[in-house]
Amino acid sequence: MPPYRTIPSNEEPIIFSPSARLDLKQVNSYLAGKNPQAARILKEKIQQACKKLAKFPNLGRRRDELIPSLRSFPVEDYLIFYFPLENGIEIARVVNGYRDLDAMFDVD
């Protein structure tokens, strides 16, 4: 399996890091066990948000306090963390917004 995966987009490319792919798998597994329909709806909302961010990469909030050039965008209780690229975006993580972000990004 390659370290990065690009999902199809008719516009700008969207690249998911291995950590982001694992995050999405864990979120989906957790929600699907409780409510499969809610898991499908959240998955679709995250996909739509990623497409919007690829088209408008400056839409999200700057998160330089975590990592330079990192941005975040909320989808329900989750945050999409991403880096704008010359063409498209790279999704770094997709996590619950209530997590300790400083610890997750190893901020001292």
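Criteria and cut-off values
- Residues numbered from 1 in each chain as written.
- Predicted model: local features only at pLDDT ≥ 70, side-chain atom pairs only at ≥ 80, totals over all residues.
- Heavy atoms only, no water.
- Helix = DSSP H or I, 4+ residues; strand = E, 2+ residues; numbered from the N terminus.
- Contact = heavy atoms within 4.5 Å.
- Areas by Shrake-Rupley, 256 points an atom, 1.4 Å probe, with all protein chains shown as cover.
- Core = buried A, V, L, I, M, F, W, Y, C linked by side-chain atoms within 4.5 Å.
- Buried < 20%, exposed > 50% of the residue type's maximum accessible area, 1.4 Å probe, protein only.
- pLDDT = per-residue confidence, 0-100.
- Salt bridge = Lys/Arg side-chain N within 4 Å of Asp/Glu carboxyl O.
- Expected span 1.5 Å × (residues − 1).
- Arc of directions from axis to C-beta.
- Polar contact = N/O pair within 3.5 Å; in protein donor to acceptor, adjacent residues only side chain to side chain.

**With respect to the overall build of the protein**
Then, number 1: Looking only at helices and strands, the protein features three helices and six strands.
Then, number 2: Listing every helix and strand of the protein by position from the N terminus yields β-β-α-α-β-β-β-β-α.
Then, number 3: A separation threshold of at least 6 residues defines the contact pool for the protein, and within that pool the share at least 24 residues apart is 40%.
Then, number 4: Accessible surface, the protein: about 6,800 Å² in total, of which carbon and sulfur atoms supply 50%.

**Remarks on the nonpolar core**
Then, number 1: Judged by nonpolar contacts, the single largest core of 20 residues is most densely connected at I80 and I91.
Then, number 2: At the level of secondary structure, the elements contributing two or more residues to this core comprise β2 (14-16), α1 (18-34), α2 (36-55), β4 (71-75), β5 (78-84) and β6 (89-96).
Then, number 3: Those residues in contact with I91, other than ones at most four positions away along the chain, are I14, I15, F16, S17, A20, C50, I80, F81 and Y82.
Then, number 4: The next biggest cluster of nonpolar side chains, apart from the first, holds nine residues, and it includes L66, L79, V95 and M104.

**Quick notes on the confidence of the model for the protein**
Then, number 1: Per-chain confidence: the protein averages 89 in pLDDT, with 88% of residues scoring 70 or above.
Then, number 2: Counting contacts from residues 1-5, a segment whose pLDDT is below 50, to residues more than four positions away or on other chains yields 16 contacts.

**Focus: the pattern of salt bridges**
Then, number 1: One pass over the full model with this rule turns up four salt bridges.
Then, number 2: A salt bridge links R93 to D23; its shortest N-O distance comes to 2.6 Å. One end of the pair, R93, is in strand β6; the other, D23, is in helix α1, with 70 residues separating them in the sequence.
Then, number 3: Taking the relative accessible area as the measure of exposure, D23 reaches 5% and is therefore buried.
Then, number 4: The closest approach of N and O atoms between E65 and R63, which form a salt bridge, is 2.8 Å.
Then, number 5: For E65, a relative accessible area of 43% corresponds to the partly exposed category.

**Points about α2**
For an α-helix, 3.6 residues make a turn, and residues three or four places apart therefore share a direction.
Then, number 1: In this model α2 runs 29 Å from its N-terminal to its C-terminal C-alpha over 20 residues, within 8% of the 28 Å that 1.5 Å per residue would give.
Then, number 2: Among the residues making up α2, those that are buried are A39, L42, I46, A49, C50, L53 and A54. Buried positions in α2, seen along its axis, are confined to an arc of 135° and lie on one side of it. Exposed side of α2, more than 90 degrees from the buried face: Q37 and R40 are the residues found there.
Then, number 3: In the core, the buried residues of α2 are packed alongside β2, α1, β4, β5 and β6.
Then, number 4: You can read the cap of α2 off the contacts: a side-chain oxygen lies 3.2 Å from the backbone nitrogen of Q37, and it is on N35.

**Overview of the side chain of R93**
Then, number 1: What makes R93 buried here is its relative accessible area of 18%.
Then, number 2: Of the polar contacts made by the side chain of R93, one reaches the side chain of D23; its length is 2.6 Å.
Then, number 3: With residues near it in sequence (within four places) discarded, R93 still touches S19, A20, D23, L79, I80, F81, R99, M104 and F105.

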